[in-house]
Amino acid sequence: MEKNPDPFVFANRLGFEVIETILPLHQLGRIEVKQDHKTIYLDKRLGYTQRRCRLAHELGHYFTSPWKVLTYRPGSMDQVLELSKYEYRAEKWAGEYLISNEELKYALSVLEDIFLSDLAERFEVTLEFMRFRMELYKANKYNHAGATTSS
């Protein structure tokens, strides 16, 4: 995986139009996929790093969410829980796209006295995003630590 991949270039390669506009306060980004057009809206009030993370998250929806979820608004608690599952999948995809396990492992091995803020700056992501990505990395490392191969 390339170092610090550019989700803006990737979205363009996928045929998305990325529009930076003012979105409602509860929205940082939104994806719309129609038969003849794909659009991702980003709140232009966000800084570059936030827009970068949000664009990767919206691309995560494109790759991991069923299409009906991309436009629906939850009503019941079951629907809210279902939607949160899709939000988690999108954020997980974004984390693994922007920061590969290999790049993160390397950064952790060569940098001494590392702070999350240092990693966030290194990978051009927000502190919140870096915190989430570290949790994924730790879970992945933990899940693979006990794995054995059978012969």
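Residues numbered from 1 in each chain as written. Predicted model: local features only at pLDDT ≥ 70, side-chain atom pairs only at ≥ 80, totals over all residues. Heavy atoms only, no water.

Applying the stated criterion across every chain, the model contains 7 salt bridges. Put simply, Lys92 and Glu96 hold a salt bridge, and the shortest N to O gap is 3.0 Å. One end of the pair is Lys92 and the other is Glu96, both in helix α3 (residues 77–98) and 4 residues apart, which spans about a single turn. Taking relative accessible area as the criterion, Lys92 reaches 30% and is therefore assigned partly exposed. Glu135 serves as the salt-bridge partner of Lys138, at 4.0 Å between the closest nitrogen and oxygen. Here Glu135 and Lys138 lie together in helix α6 (residues 127–145), a separation of 3 residues that amounts to about one turn. Residue classification places Lys138 among the partly exposed residues on the basis of a relative accessible area of 47%. (Salt bridge = Lys/Arg side-chain N within 4 Å of Asp/Glu carboxyl O. Helix = DSSP H or I, 4+ residues; strand = E, 2+ residues; numbered from the N terminus. Buried < 20%, exposed > 50% of the residue type's maximum accessible area, 1.4 Å probe, protein only.)

Our focus in this paragraph is the confidence of the model for the protein chain. Overall, the predicted model of the protein chain reaches an average pLDDT of 86, with 81% of residues at or above 70. In this model, residues 147–151 is a region of pLDDT below 50 whose contacts with residues beyond four sequence positions or in other chains number 0 contacts. (pLDDT = per-residue confidence, 0-100. Contact = heavy atoms within 4.5 Å.)

This next bit is on the pairing of strand β2 (residues 29–34). By the bridge criterion, 6 bridges tie β2 to strand β3 (residues 37–43) in an arrangement that is antiparallel. Across the sheet, the residue bridging to Lys34 is His37, located in β3. Hairpin geometry of β2 and β3 is characterised by an intervening segment of 2 residues between the two adjacent antiparallel strands. (Pairing = 2+ DSSP bridges.)

We now examine the sheet that holds β3. The sheet built from 3 strands is open, its strands ordered β1-β3-β2 with mixed pairing. At either margin of the open sheet sits one strand with a lone partner, and together these are β1 (16–21) and β2. Strand-to-strand twist of the sheet, defined as the mean angle between neighbouring strand axes without regard to direction, takes the value 15°. As paired elements, β1 and β3 share 6 bridges and run parallel to each other. Bridged to Glu20 within β3 is Leu42. Against the sheet, helix α2 (residues 48–64) engages β1, β2 and β3, with an angle of about 145° to β3. (Axes fitted to C-alpha atoms, helices over the stretch in contact; angles between N-to-C directions.)

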